[in-house]
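Remarks on the overall topology
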Amino acid sequence: MSTSTATIPKTAPFTEEDVALLNRVVGPASAVQRAWLAGFLAGVESVSGQAQPAAPARPAEPLTIVYASESGNSEKLASDMAKAARKNGLKPTIIDMADLDLAALKSAKRLVMIAATWGEGEPPARATRAYGELMGSGAPRLDGIEFGVLALGDTAYAEFCAIGKALDARLEALGGKRVVERVDCDLDFAEPAARWIGDAAKALTPPDADRGRVIEVDFGKTTAAPNTDIVEAEIVEHVNLNSSRSDKETVHLALAFEGAAPAYEPGDSFDLYAENDPAYVDDLLKAAGLSGDEALRAELIKSRDVTTLSLKTVETYAAQTGHHYVKALIADGEAKAWIAGRQLIDLIATFPIALTAEQLRALTRPLAPRAYSIASSRREVGEEAHLLISAVRYETHGRARKGVASNYVAERLKCGGRVRVKLKPNKHFALPAGDRDIIMVGPGTGVAPFRAFVQERRATQATGKSWLFFGDRQFTHDFLYQLDWQGALKDGALTRMDVAFSRDRPEKIYVQHRLWEQRRDLIEWLDGGANFYVCGDAKAMAKDVRATLVRAYADVKALSPDAAEQAVVALERDKRYLQDTY
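The structure presented is a predicted model; accordingly, all values stated were derived computationally and were not measured.

A few words on the sheet that holds strand β21 (residues 496-501). On the basis of which strands lie adjacent, the open sheet formed by 5 strands has the order β21-β20-β19-β22-β23 and parallel pairing. Looking at strand neighbours, the two that pair on one side only are β21 and β23 (577-581), the edges of this open sheet. Each adjacent strand pair in this sheet contributes to an overall mean axis angle of 10°, direction not counted. When strand β22 (residues 531-536) meets β23, the two strands line up parallel, connected through 5 bridges.

Core analysis: the largest hydrophobic core is formed by 27 residues, its most contacted members being L284, Y317, L347, I348 and L360. Secondary-structure elements contributing two or more residues to this core are α8 (278-288), α9 (294-303), α10 (311-321), α11 (324-331), α12 (335-338) and α13 (344-350). Broken down by element, the residue count for this core peaks at 5 residues, all from α8. Once residues lying within four places of it in the same chain are set aside, the contact partners of L360 are L284, L285, A288, L290, L296, L300, I348 and L355. Membership of the second largest hydrophobic core comes to 26 residues, among which are I235, V251, L253 and I389.

Now for α10. Turning to α10, its buried residues number three or more, namely T313, V314, Y317, A318 and T321. Projection of α10 onto a plane perpendicular to its axis shows the buried side chains occupying an angular sector of 135°, all on one side. The exposed set on the far side of α10, more than 90 degrees from its buried face, consists of K312 and A319. Directly beyond the C-terminal end of α10, a positive phi value near 70° is found at G322.

What follows is about the side chain of T313. With respect to the helices and strands, the residue T313 is situated in helix α10. Those residues in contact with T313 that lie beyond four places of it in its chain are T308, L344, L347 and L363.

This part takes up the pairing of strand β6 (residues 146-152). The element β6 is largely enclosed, with a buried count of 6 among its 7 residues. Two strands pair when backbone bridges link them, and strand β5 (residues 110-116) and β6 are joined in this way by 7 bridges, in the parallel orientation. The residue bridging R110 from the neighbouring strand is E146, located in β6. The β-α-β motif built from β5, the intervening helix α5 (residues 128-135) and the parallel element β6 has right-handed crossover chirality. Across 2 bridges, β6 lies against strand β7 (residues 177-178) in parallel orientation. Among the inter-strand pairings, E146 is bridged to a residue of β7, identified as K177. Taken together, β6, helix α6 (residues 162-173) and β7 constitute a β-α-β crossover, and its handedness is right-handed.

Attention shifts here to the pattern of salt bridges. Inspection of the entire model under this criterion finds 45 salt bridges. Of the charged contacts in the structure, one is a salt bridge between R110 and E61, with a shortest N-O distance of 3.3 Å. Here E61 lies in strand β3 (residues 61-68) and R110 lies in strand β5, a separation of 49 residues in the sequence. For R361, the salt bridge goes to E358, with nearest N and O atoms at 2.8 Å. Placement of the pair is R361 and E358 together in helix α14 (residues 357-362), with a separation of 3 residues, close to one helical turn.

Moving on, we get to the packing of aromatic side chains. Tallied over the entire structure, the rule returns 16 aromatic pairs. Consider the rings of Y264 and F270, whose centres lie 6.2 Å apart with planes at 65°: the pair is edge-to-face. Assigned by exposure class, Y264 and F270 land together as buried. Directly above the ring of Y264 sits R378, whose terminal nitrogen or CZ lies 5.7 Å from the centroid. The ring of W516 carries the charged tip of R551 above its face, separated from the ring centre by 3.9 Å.

Conventions we followed
Residues numbered from 1 in each chain as written. Predicted model: local features only at pLDDT ≥ 70, side-chain atom pairs only at ≥ 80, totals over all residues. Heavy atoms only, no water. Pairing = 2+ DSSP bridges. Helix = DSSP H or I, 4+ residues; strand = E, 2+ residues; numbered from the N terminus. Axes fitted to C-alpha atoms, helices over the stretch in contact; angles between N-to-C directions. Core = buried A, V, L, I, M, F, W, Y, C linked by side-chain atoms within 4.5 Å. Buried < 20%, exposed > 50% of the residue type's maximum accessible area, 1.4 Å probe, protein only. Contact = heavy atoms within 4.5 Å. Arc of directions from axis to C-beta. Right-handed = clockwise from strand over helix to strand, strands pointing away. Salt bridge = Lys/Arg side-chain N within 4 Å of Asp/Glu carboxyl O. Phe/Tyr/Trp six-rings, centres within 6.5 Å; stacked < 30°, edge-to-face > 60°. Lys NZ or Arg CZ within 6 Å of the ring centre and 35° of its normal.

Bear in mind that shape data such as this cannot, by itself, settle questions of function.
Here it is in structure tokens:
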């Protein structure tokens, strides 16, 4: 006769050492022993000198946690918030804003919202519908609901944490009672977010929650999470996929690992830890009058963001130096417009003043990794991982600019070299069951995850059909992974492919034009249950693709604009319209 093993969960209100000690006793205990122990503890509680009736236990107080996430950070923090809430005797429920039913908020007593801001002040793509409804005139009153908001953003953008700020103000306007002040987090959010979560858990816990409460324990089944530690990989392939006559450089980067590769799935990405261009750092140090500081130079190259110029940076510079013209720029309200298209070196070179090493360091922030979609399936490439990275190069205000991570890869990484990466799972951009059809829209490097999708479908012998829309500048010079797609069409891993090369004809053609041309077949596939995936540029392409799909529904099915919009909203609600944009 076998006995099951009981394990005290880490969410129990004990220290890690106490949990380990309890597990050594309770874990191997038999059912009889555990029953005896339960009775003994019940007896201890009921006897204190003389028997007294025990106060009835109260159920744990509920807490609703809503997250709006693009890259997964808000979702992870929502999970951290739930753990803290359980330890304080609350019963948390986590809701993705993409799945939020506003009517359900009216019954909430306590509410936490953790929201990222995407691009220039926009909500994460999946949260757009619910966010719009909450900000609209039809939102329900939330009188008396206790709430707190944690905002995530990037000071490189003018509308820093705009979504979190807007939600905080909106919840108050709808009658909510703010019990913890909002915190706006930059890319280095871990410490301030952890402090806020601790404060929020305390503020949202009723004063008498310790008396007779039932501790909420999460006994849900858990699966082993993939390793998301930073690991070092060797570069075994470094190939420019554009021809020598192209004005682009797109690198296929193959990484090999010591032992097994991180357990990535199609749709996941890797955070790549880059270093700054030494030539740029030298120019920056020269402008600041710090050329001889080798220790500072090494630090700036390896670990500080030395390019981002934000309004906060300008304000810090003015406060540190007292520079008259910089202070005037802020006072006149012109700083926000001035920083557009400029970097930190422009500020120091345009308004020069000798800086100390500490002053220059204070103008920077930690250098964040850059996420790149994984362009391979482990079932086909084994213990490797492939990335597709386009070198970003442009000119503004008379100065040549380079993307930090993309040019680190293109210009300074070589075969045999090593690079640090960290797996970034994305369960919201995963393949469906093998018998489900898929439509993939991925111009430029947006095609990366779809190479992984096609490899995976081939390796698993999926029976569903697959259709790829790809676009770039020129057929001859910029057809990324052309041989892969031709092979996949031949062996059936890819059913159909439509391409758009914008510079091959006088009138520019993009993927959304091909979608429109094929709208009848497109709607037929979607009516048959196909999933629709979009990866790539969020500013224009993703919006144009969605608008084209709405038009396609209106045209093919003779729907009104509102009805066509609702058809696409239904795809989003059913998690059949999936985006991974940047």
